[in-house]
Amino acid sequence: MIIKIDELSDIPIYLQIRNQIVMGISGGELAAGEQLPTVRALALEMGINTMTVSKAYQLLKTEGYIMTDRKNGARVRMEIQKHASIPEANKTELRRIVSEARISGVPKSEIMALVEQYYGN
């Protein structure tokens with residue numbers, strides 16, 4: 001999986017890393033148990049500070065997407081806890097996206113098609 005950072009984005013780099021890893025897990029690009037790059041290796045590859053990558057990994061660990069240990073590094077969790085609900089922060093973000101689409105004249109059918117596409121099977 002290749003992580004791409006948008007330097008001009010208002011979204012902090014650590015959140016961009018977190019979001020792309022979550023999308024990689026959801027989309028099957030990252031399998032359960034798969035080893036993630038070390039903090040140092042990913043930081044070097046991306047040309048960013050190791051603390052930025054560490055912050056992303058800590059957030060992913062706290063949220064239950066990955067597990068870390070000194071011996072094996074970071075891996076995608078074998079079992080990710082199912083909450084069966086959308087967190088309030090995500091609902092707010094989705095509402096913002098839908099509102100912007102509506103103001104821009106995007107048809108509801110296009111938004112629903114994107115949800116179907118992104119949600120998959």
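Residues numbered from 1 in each chain as written. Predicted model: local features only at pLDDT ≥ 70, side-chain atom pairs only at ≥ 80, totals over all residues. Heavy atoms only, no water.

### Observations concerning the pairing of strand 1 (residues 66–69)
For step 1, the next point in the chain: As judged from the four bridges shared by strand 1 and strand 2 (residues 73–76), these two strands associate in the antiparallel manner. Residue pairing in the sheet places Ile-66 in a bridge with Val-76 of strand 2.
For step 2, the next point in the chain: Remark: three residues form the turn of the hairpin made by strand 1 and strand 2, two consecutive strands paired antiparallel. (Pairing = 2+ DSSP bridges. Helix = DSSP H or I, 4+ residues; strand = E, 2+ residues; numbered from the N terminus.)

### Notes on the confidence of the model for the protein chain
For step 1, the next point in the chain: Scored by pLDDT, the protein chain has a mean of 93; 99% of the residues are at 70 or more.
For step 2, the next point in the chain: Between the elements of the protein chain, mean pLDDT differs from a low of 93, seen in helix 5 (residues 108–119), to a high of 97, seen in helix 3 (residues 50–62). (pLDDT = per-residue confidence, 0-100.)

### Comments concerning the nonpolar core
For step 1, the next point in the chain: Ile-17, Ile-21, Leu-36, Leu-42, Val-53 and Tyr-57 are the most contacted members of the largest nonpolar core, which has 18 residues in total.
For step 2, the next point in the chain: Excluding residues that lie within four positions of it along the chain, Leu-42 makes contacts with Ile-3, Ile-17, Pro-37, Val-53 and Tyr-57. (Core = buried A, V, L, I, M, F, W, Y, C linked by side-chain atoms within 4.5 Å. Buried < 20%, exposed > 50% of the residue type's maximum accessible area, 1.4 Å probe, protein only. Contact = heavy atoms within 4.5 Å.)

### Quick word on the packing of helix 2 (residues 39–46) against helix 3
For step 1, the next point in the chain: Orientation of helix 2 relative to helix 3, taken along the N-to-C sense of each, is 125 degrees, at an axis distance of 8 Å. Judged on the interaxial angle alone, helix 3 and helix 2 are oblique. The chirality of how helix 2 crosses helix 3 is right-handed. Contact with helix 2, carried on its side by Val-39, Arg-40, Leu-42 and Ala-43, involves Thr-50, Val-53, Ser-54 and Tyr-57 of helix 3 and no other residues of that element.
For step 2, the next point in the chain: Residue composition of the contact of helix 2 with helix 3, grouped by class: five nonpolar, two polar and one charged. (Axes fitted to C-alpha atoms, helices over the stretch in contact; angles between N-to-C directions. Parallel < 35°, antiparallel > 145°, perpendicular 65-115°, else oblique. Left-handed = near helix turned anticlockwise from the far one by under 90°. Nonpolar A, V, L, I, M, F, W, Y, C, P; charged D, E, K, R; others polar.)

### Concerning the pattern of salt bridges
For step 1, the next point in the chain: The tally for this structure, following the rule as stated, stands at four salt bridges.
For step 2, the next point in the chain: Between Glu-93 and Arg-96 there is a salt bridge, and its shortest N-O distance comes to 2.5 Å. Of the two residues, Glu-93 and Arg-96 both sit in helix 4 (residues 88–103), three residues apart, roughly one turn of that helix.
For step 3, the next point in the chain: We classify Arg-96 as partly exposed; its relative accessible area is 35%. (Salt bridge = Lys/Arg side-chain N within 4 Å of Asp/Glu carboxyl O.)

### Details of helix 1 (residues 13–26)
For step 1, the next point in the chain: Taking 1.5 Å per residue, 14 residues should reach 20 Å; helix 1 reaches 20 Å between its end C-alpha atoms and fits that length.
For step 2, the next point in the chain: The set of residues buried in helix 1 consists of Gln-16, Ile-17, Arg-18, Gln-20, Ile-21, Val-22, Gly-24 and Ile-25.
For step 3, the next point in the chain: Packed against the buried residues of helix 1 are helix 2, helix 3 and strand 2.
For step 4, the next point in the chain: Among the residues trailing helix 1, Gly-28 stands out with phi positive, at a value near 85 degrees. (Expected span 1.5 Å × (residues − 1).)

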